[in-house]
Amino acid sequence: MFNLFFRKKQKVALVLGGGGARGIAHLGVLKFLEEMNYQFDFIVGTSAGGVFGAFYLKHLDIAKAWNELKEEVYEKKEISENLSKIVENNEKISLLSRFREKLYEARILFKEGILENDLLKESYGIMFKNLKNIEDLNGKIFIVATDLLTGKDVVFSKGELLPALMATSALPGIFPPVDYKGFYLIDGGSTQKLPTIIAKKLGADKVLAVDVGSNLNKREKHHPTGAKIIIRIEDIVSYRLHLTNVKHADLLIRPDIERFKWYDFNKHEEIFELGYKAAKDIDNKIKTFFKSSDKKPVCSYCSEDFILI
């Protein structure tokens, strides 16, 4: 069996990035790692990475996790209806970037999100039934969210599982922030799409990271409004933060899933297989990663000021 608790001289973290439905590729990567008996010490996950990482640790067996996801989760009436609500709202979601410009101009927002948090609460309640706390999982995971009040990243390491999953999934503009123990939390992908530096600050010597996010698209020359410039700057800053984290991965796996939208859960089979393929294609690099003692140090100016709870 895949032994998550095998200890080596160097601690290895598996960092799973955010990307919505694209995060299903994480399970494909985990299938390959498990088949080859590549072992790591803990998971650090943002957004979909936190959710699917936790779902894997529910079983510590990829076949059981994948079968349950396909047969018992996605076919559940309640979850199917919730996913349908997301898909039905994809037109609203796709309009969100254009709507952001109007928000800057109007400087007012009447709702915290297009969808309600009850959708997440119900779905995760079904996926993680009988699991109350993070400690109930079969392995160590750190789940990353962003606090709107302090501006800091909040990393869940223990305690209630459901609030951690809801917080790391609260995509800005789509789901409302999660009010939890004095924090006002949104999707960790807002600041930490791929939390490699956090993983090293948590004790990892080496990081194997899986990036399922989208790239920053190049824009053609045009004459934007001031609001569009502000939005574009936000996107650039977020992407540059992401690139800093990418540089701190000792090995990066990036599945070929750019064409999928974050709400394409109905394409889970294809996304899963592409995750598996991405890991298999670089097996030699993964083998070297686990055998080598080489590691990337964390740069002095990249120190992450996060809150561990």
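Residues numbered from 1 in each chain as written. Predicted model: local features only at pLDDT ≥ 70, side-chain atom pairs only at ≥ 80, totals over all residues. Heavy atoms only, no water.

A.B. asks: Explain the overall build of the chain to me, and be specific about the residues and the numbers.
C.D. replies: A tally of helices and strands in the chain yields 12 helices and 9 strands. Expressed as a percentage of the 309 residues in the chain, the buried residues total 52%. Summarising the internal contacts of the chain: among those between residues at least 6 apart in sequence, 80% fall at separations of at least 24. Here the chain displays about 15300 Å² of accessible surface, and carbon together with sulfur accounts for 52% of that area. (Helix = DSSP H or I, 4+ residues; strand = E, 2+ residues; numbered from the N terminus. Buried < 20%, exposed > 50% of the residue type's maximum accessible area, 1.4 Å probe, protein only. Contact = heavy atoms within 4.5 Å. Areas by Shrake-Rupley, 256 points an atom, 1.4 Å probe, with all protein chains shown as cover.)

A.B. asks: Requested: an account of helix α12 (residues 283-291), with residues and values cited.
C.D. replies: Every α-helix carries 3.6 residues per turn, so stepping three or four residues along brings you back to the same face. Within α12, the full set of buried residues consists of Asp283, Ile286, Phe289 and Phe290. The arc enclosing the buried residues of α12, seen along the axis, measures out at 120°, which places them on a common side. In α12, the exposed residues that point more than 90 degrees away from the buried face are Asn284, Lys285, Thr288 and Lys291. In this structure, the buried side of α12 is in contact with β1 (12-16), α1 (24-35), β7 (206-210), β8 (251-253) and α11 (268-281). (Arc of directions from axis to C-beta.)

A.B. asks: Account for unusual backbone geometry, naming residues and giving values.
C.D. replies: Residue Asn37 is not a glycine yet carries a positive backbone phi of 60°. Mapped onto the secondary structure, Asn37 falls in the loop between α1 and β2 (42-46). The phi angle at Lys181 is positive, at roughly 50°, despite the residue not being glycine. The residue Lys181 is located in the loop between β5 (178-180) and β6 (183-187) in this model. Judged by relative accessible area, Lys181 falls into the exposed class, the value being 65%.

A.B. asks: I'd love a proper account of the confidence of the model for the chain, names of residues and values included.
C.D. replies: Overall, the predicted model of the chain reaches an average pLDDT of 83, with 77% of residues at or above 70. Note that pLDDT drops below 50 for residues 91-97; the model gives that stretch 9 contacts with residues more than four away or on any other chain. For residues 102-113, every residue scores under 50 in pLDDT, and the model assigns this stretch 19 contacts once sequence neighbours within four places are set aside. (pLDDT = per-residue confidence, 0-100.)

A.B. asks: Can you lay out the nonpolar core for me, pointing to particular residues and giving the numbers?
C.D. replies: Core analysis: the biggest nonpolar cluster contains 71 residues, and Leu14, Leu27, Phe128, Phe156, Ile253 and Ile286 have the highest contact counts within it. Counting 16 residues, the second largest nonpolar core, distinct from the first, contains Ala13, Leu194, Ala199 and Leu202. (Core = buried A, V, L, I, M, F, W, Y, C linked by side-chain atoms within 4.5 Å.)

A.B. asks: Which residues make up helix α2 (residues 48-59), and what values do they have?
C.D. replies: Here α2 spans 17 Å end to end across 12 residues, near enough to the 16 Å set by a 1.5 Å rise per residue. Among the 12 residues that make up α2, 11 are buried, leaving the element largely enclosed by the rest of the structure. Buried residues of α2: Ala48, Gly49, Gly50, Val51, Phe52, Gly53, Ala54, Phe55, Tyr56, Leu57 and Lys58, and no others. Leu60 occupies a position one or two residues after α2 and carries a positive phi of about 55°. (Expected span 1.5 Å × (residues − 1).)

A.B. asks: So, the packing of helix α7 (residues 117-127) against helix α8 (residues 161-168): which residues are in play, and what are the values?
C.D. replies: Orientation of α7 relative to α8, taken along the N-to-C sense of each, is 130°, at an axis distance of 10 Å. Comparing their axes, α8 and α7 come out oblique. Taken as a pair, α7 and α8 cross one another with a handedness that is right-handed. Together, Asn117, Leu120, Lys121, Tyr124 and Gly125 of α7 and Leu162, Leu165 and Met166 of α8 make up the contact between the two elements. (Axes fitted to C-alpha atoms, helices over the stretch in contact; angles between N-to-C directions. Parallel < 35°, antiparallel > 145°, perpendicular 65-115°, else oblique. Left-handed = near helix turned anticlockwise from the far one by under 90°.)

A.B. asks: Kindly report on the packing of α1 against α2, identifying the contributing residues and their values.
C.D. replies: Between α1 and α2, the shortest axis-to-axis distance is 9 Å and the interhelical angle comes to 45°. Between α1 and α2, the crossing angle belongs to the class labelled oblique. Read as a crossing pair, α1 and α2 show a hand that is right-handed. Packed against α1, whose contacting residues are Ile24, His26, Leu27, Leu30 and Glu34, the element α2 presents Ala48, Gly49, Phe52 and Tyr56 at the interface. For the contact of α1 with α2, the class distribution of residues is 6 nonpolar, 2 polar and 1 charged. (Nonpolar A, V, L, I, M, F, W, Y, C, P; charged D, E, K, R; others polar.)

A.B. asks: Describe the environment of Pro163, with residues and values.
C.D. replies: With respect to the secondary-structure elements, Pro163 resides in helix α8. Since its relative accessible area comes to 15%, Pro163 is described here as buried. Each C-alpha atom of the pair Pro163 and Asp179 lies 9.0 Å from the other, and the pair is 16 residues apart in sequence.

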